[in-house]
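Geometric and topological summary
One-letter residues, chain by chain:
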Amino acid sequence: MAVIWVSSDPHYGHTNIIQYCNRPFTDAFHMNEVMIERHNALVQPSDHWYCLGDVAVSQQTLNYVMPRLNGHKRLVLGNHDNHAPMANYVQYFKKIMLWRKFDELILTHVPLMQQSFPGKAKVNVHGHIHDNDSPPGPYINVCVEKTNYAPVNLDDLIARGKRLVATVHYDR
């Protein structure tokens, strides 16, 4: 069975994100290469990788990076996933969506208000806020700045979510 991995906001090719988010890279090329290496050290070709948005800064970068990343790619759209026509994303991502639910987890780009969690979702795994902490409550930030620039195993997120559910007050 395929292993599922999750990360958010790699912003491949985005030079300014290095300064904005205090990323420890000398330039965009260095950042890209380190994140590709860390991704491929974990994600096997048969695994699934969910990117929770803001993949790349340009079509050129998308074309350079995506073929080099292991795994069957899925994209939860982010606010910066508009640097290329959607047809160009489709060639690299087997599925493109606005959110994805796994057990009690809801995967989104931006943190959702707890009252907006669909169905039985109890924990929001999200991106968008980069090196900032998640809002108080049942949230897990998987922006690459928070995950050592590598994907996180879904099983680990589910276990972390269960620990959160046991300790968090719900405003639903």
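Quantities reported herein were computed from a predicted structural model and do not represent experimental measurements. (Residues numbered from 1 in each chain as written. Predicted model: local features only at pLDDT ≥ 70, side-chain atom pairs only at ≥ 80, totals over all residues. Heavy atoms only, no water.)

**So, the overall build of the protein**
- Secondary structure assignment for the protein yields 5 helices and 9 strands.
- For the protein, the α and β elements follow one another from N to C terminus as β-α-α-β-α-β-α-β-β-β-β-β-β-α.
- Summarising its shape, the C-alpha atoms of the protein cover approximately 45 × 35 × 30 Å along the three principal directions.
- Per-residue burial for the protein yields a buried fraction of 49% across its 172 residues.
- In the protein, of all internal contacts separated by at least 6 residues, the share reaching a separation of at least 24 is 59%.
- Accessible surface computed for the protein: about 8400 Å², of which carbon and sulfur atoms make up 53%. (Helix = DSSP H or I, 4+ residues; strand = E, 2+ residues; numbered from the N terminus. Buried < 20%, exposed > 50% of the residue type's maximum accessible area, 1.4 Å probe, protein only. Contact = heavy atoms within 4.5 Å. Areas by Shrake-Rupley, 256 points an atom, 1.4 Å probe, with all protein chains shown as cover.)

**A closer look at the nonpolar core**
- Of all hydrophobic cores here, the largest spans 26 residues; its most connected members are Tyr-12, Val-55, Leu-62, Met-66, Leu-69 and Phe-93.
- When contributions to this core are tallied by element, the ones reaching two or more residues are helix H1 (15-20), helix H2 (28-42), strand S2 (48-51) and helix H3 (59-65).
- No other element matches H2, which puts 4 residues into this core.
- Judged by nonpolar contacts, the second largest core, of 18 residues, contains Val-6, Leu-107, Val-125 and Val-168. (Core = buried A, V, L, I, M, F, W, Y, C linked by side-chain atoms within 4.5 Å.)

**What about the pattern of salt bridges?**
- Under the criterion given, the structure shown has 4 salt bridges.
- Between Glu-145 and Arg-23 there is a salt bridge, and its shortest N-O distance comes to 2.8 Å. Here the residue Glu-145 occupies a position in the loop between strand S8 (139-141) and strand S9 (152-153), and Arg-23 occupies one in the loop between H1 and H2, the gap between them amounting to 122 residues.
- A salt bridge links Glu-33 to Arg-68; its shortest N-O distance comes to 2.8 Å. Residue Glu-33 is located in helix H2, and its partner Arg-68 is located in the loop between H3 and strand S3 (72-76); the two are separated by 35 residues in the primary sequence. (Salt bridge = Lys/Arg side-chain N within 4 Å of Asp/Glu carboxyl O.)

**A word on unusual backbone geometry**
- One non-glycine residue, His-128, lies in the positive phi region at around 75°.
- Structurally, His-128 can be placed in the loop between strand S7 (123-126) and S8.
- Phi is positive for His-130, which is not a glycine, with a value near 55°.
- Inspection of the secondary structure puts His-130 in the loop between S7 and S8.
- According to the relative accessible area criterion, His-130 is buried, its value standing at 10%.

**A closer look at the sheet that holds strand S5 (residues 100-102)**
- Across the sheet, 4 strands lie side by side as S5-S6-S7-S8; this open sheet has mixed pairing. With one partner strand each, in any of the chains shown, S5 and S8 form the two edges of the open sheet. This sheet shows a mean twist of 20° between the axes of neighbouring strands, independent of strand direction.
- With 3 bridges connecting them, S7 and S8 associate as parallel partners. (Pairing = 2+ DSSP bridges. Axes fitted to C-alpha atoms, helices over the stretch in contact; angles between N-to-C directions.)

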